[in-house]
Amino acid sequence: MTSDTHDLGPSWLDEIPQRLAALDAAHLTRRRREARPEDGAWLRVDGRRMLAFCSNDYLGLSQHPALREAAIAGARRYGVGSGGSPMVSGHSEANAALERELAEFVGLERALYFYAGYATNASIVPALVGPGDALFSDALNHACLIDGARLSKATIHRFEHADLAQLDALMQASPARRKLVISDAVFSMDGDVADIPALIALCEQHDALLLLDDAHGFGVCGPQGRGSLAAVGRTGARASRRVVYMATLGKAAGVAGAFVAGSQVLVEWLLQKTRSYTFATAAPAMLAEGVRAALRVFRDEPARLAQLQRNIARFRAGMPAAIEGTPWTLLPSETAVQALVIGANDDALRVMQSLADAGLWVPAIRPPTVAEGSARLRIALSAAHAEDDIDALLRGLAQAARGPRDA
Ligand SMILES: *Cc1c(COP(=O)(O)O)cnc(C)c1O
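Parameters and conventions
- Residues numbered from 1 in each chain as written.
- Predicted model: local features only at pLDDT ≥ 70, side-chain atom pairs only at ≥ 80, totals over all residues.
- Heavy atoms only, no water.
- Helix = DSSP H or I, 4+ residues; strand = E, 2+ residues; numbered from the N terminus.
- Expected span 1.5 Å × (residues − 1).
- Buried < 20%, exposed > 50% of the residue type's maximum accessible area, 1.4 Å probe, protein only.
- Polar contact = N/O pair within 3.5 Å; in protein donor to acceptor, adjacent residues only side chain to side chain.
- Phe/Tyr/Trp six-rings, centres within 6.5 Å; stacked < 30°, edge-to-face > 60°.
- Pairing = 2+ DSSP bridges.
- Near = heavy atom within 4 Å.
- Areas by Shrake-Rupley, 256 points an atom, 1.4 Å probe, with all protein chains shown as cover.
- Nonpolar A, V, L, I, M, F, W, Y, C, P; charged D, E, K, R; others polar.
- Salt bridge = Lys/Arg side-chain N within 4 Å of Asp/Glu carboxyl O.
- Axes fitted to C-alpha atoms, helices over the stretch in contact; angles between N-to-C directions.
- Parallel < 35°, antiparallel > 145°, perpendicular 65-115°, else oblique.
- Left-handed = near helix turned anticlockwise from the far one by under 90°.
- Contact = heavy atoms within 4.5 Å.

### Overview of helix α3 (residues 93-106)
Along an α-helix, residues three or four positions apart point the same way, because every turn accommodates 3.6 residues. With 14 residues, α3 extends 20 Å from end C-alpha to end C-alpha; this agrees with the ideal 20 Å at 1.5 Å per step. Burial runs high along α3: ten of the 14 residues are buried. Three or more residues of α3 are buried, namely Ala94, Asn95, Ala96, Ala97, Leu98, Glu99, Leu102, Ala103, Phe105 and Val106. Between the side-chain oxygen of the N-cap and the backbone nitrogen of Ala94 there are 3.1 Å, and the N-cap of α3 in question is Ser92.

### Considerations on the packing of aromatic side chains
Within this structure, the stated rule accounts for six aromatic pairs. Geometrically, the ring pair formed by Phe218 and Phe259 is edge-to-face, given 5.2 Å between the ring centres and 70 degrees between the ring planes. Separated by 41 residues along the polypeptide, Phe218 in the loop between β8 (208-213) and α8 (228-231) and Phe259 in strand β10 (residues 258-262) bring together distant segments of the chain. The exposure classification of Phe218 matches that of Phe259, with both residues buried. Where Phe218 meets Phe298, the ring centres are 5.7 Å apart and the plane angle is 75 degrees; that geometry is what we call edge-to-face.

### Regarding the sheet that holds strand β13 (residues 360-361)
Taken in spatial order, the four strands make up an open sheet running β1-β2-β3-β13, and their pairing is mixed. Taken across any chain shown, the strands that pair with only one partner, and hence form the sheet edges, are β1 (35-37) and β13. Pairing of strand β2 (residues 42-45) with strand β3 (residues 48-52) involves four bridges; the strand directions are antiparallel. Across the sheet, the residue bridging to Leu43 is Met50, located in β3.

### Focus: the site of the ligand
Taken together, 13 residues are adjacent to the ligand, and Gly117, Tyr118, Asp213, His216 and Lys251 come closest. Within the backbone of Tyr118, a nitrogen or oxygen atom sits 2.8 Å from an oxygen atom of the ligand. Between the ligand and the protein, one listed contact pairs a nitrogen atom with a side-chain N or O atom of Asp213 at 2.6 Å. Across the complex, the protein chains shield 80% of the 380 Å² of accessible surface that the ligand would expose by itself. Broken down by class, the residue content of the shell around the ligand amounts to four nonpolar, six polar and three charged.

### A closer look at the pattern of salt bridges
Counting across every chain of the model gives 16 salt bridges. Asp24 serves as the salt-bridge partner of Arg31, at 3.3 Å between the closest nitrogen and oxygen. Given the relative accessible area of 57%, Arg31 is considered exposed. For Asp147, the salt bridge goes to Arg150, with nearest N and O atoms at 3.7 Å.

### As for the packing of helix α6 (residues 164-173) against helix α7 (residues 196-205)
The contact between α6 and α7 brings their axes to 11 Å, and the two run at 15 degrees. It follows from the interaxial angle that α6 and α7 lie roughly parallel. The two elements α6 and α7 cross, and the hand of that crossing is right-handed. Contacts between α6 and α7 involve Leu164, Leu167, Asp168 and Met171 from the former and Ala198, Leu199, Leu202 and Gln205 from the latter. Of the residues that constitute the contact of α6 with α7, the class distribution is six nonpolar, one polar and one charged.

### Digging into the sheet that holds β8
Across the sheet, seven strands lie side by side as β4-β10-β9-β8-β7-β5-β6; this open sheet has mixed pairing. Strands at the two margins of the open sheet, each flanked by one partner only, are β4 (110-114) and β6 (155-159). Geometrically, the sheet is characterised by an average inter-axis angle of 20 degrees between neighbouring strands, direction not taken into account. Across five bridges, the pairing between β4 and β10 is antiparallel. Counterpart to Tyr113 in the pairing with β10 is Phe259. With respect to the sheet, α6 is in contact with β5 (134-138), β6, β7 (179-184) and β8, its orientation differing from that of β6 by roughly 155 degrees. Those strands touched by helix α9 (residues 264-273) are β4, β8, β9 (243-248) and β10, and its axis lies near 25 degrees from that of β4.

What follows is the structure, encoded as structure tokens:
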């Protein structure tokens, strides 16, 4: 690499080692671990058996035999890759069937199946608004909504998390004719839910559209996991024509990819205008077959969602005693995402390490993913956890809470 003798002058490339060292000094270096699933929520991590509270596989479907078999059968029938954009040859009959089933499942007119959630949001926002239009974005929105907002070149108005009075005032003051509100339905790092009926009402009042990202609500919220719109009864005949619903398929659905759903006309517009749909290789049919199996499991195995709900209740009931005497805060959440705010980056890492020593894998989330001074443990609960697993986590947290004083 260094054999080109003409390239010996100073370069900004030479600063990168120092910049990496600065990240390390601020406890911001991110490290990956090599993991392999074992049984339940247990993983083999860098060779060691650990109980994981870090997976978004909220119903344990990624390991479900019906999904495995459906994907294998899909690979036999269609091959592994899709071969092209859905606009050319990649729109297999499996993907088409999945789109119909997704629309029916979430109670909206039509759906589009994408290969990844990040690319979906980064690309549907610019399909909906552009320069001269106005965007209103909750401060805690996921990074891919923010990137979509930037790509759109619309004027971005950020409102404080869940502050609908501020949102109302910002929309009132905006002269833009086209307005789009974007919000997570379940906030990915806090676990709380958006007030969807109030957001829809504001959008009606201001002639705005509402894009809801239900990555953490699909499969978890609403009857049978039909999602956050179903949870508030705004589907079917009560669906709003102003809502663009988006959810990912790599979390509770246990596979990969994402979809967008809404009215016939909005989805047709997105099909015409979304660059990550047109200019990317379609999701493989074998994965579409896996997701179709997940939808059947959502419907036929209600015990999974019930188990997740019991785990959430058991965890929350045990937390006050476990963390008593610490300045830590468990944020309010009825979803699978439970945030324990610790504060400083190095404290959060220390608690994570204490849990890891006890064989519990709980990720510390630090800035810039969350606000400065709000480093936290993001505890992801799953139907794959047994009651004993929840109790082990509570014991580990109680131990970590006592740790600094014992040391
Ligand atoms: C995970 C996530 C995404 C991205 O979805 P991928 O399919 O993983 O690319 C989008 N939005 C939210 C809120 C997420 O948590």
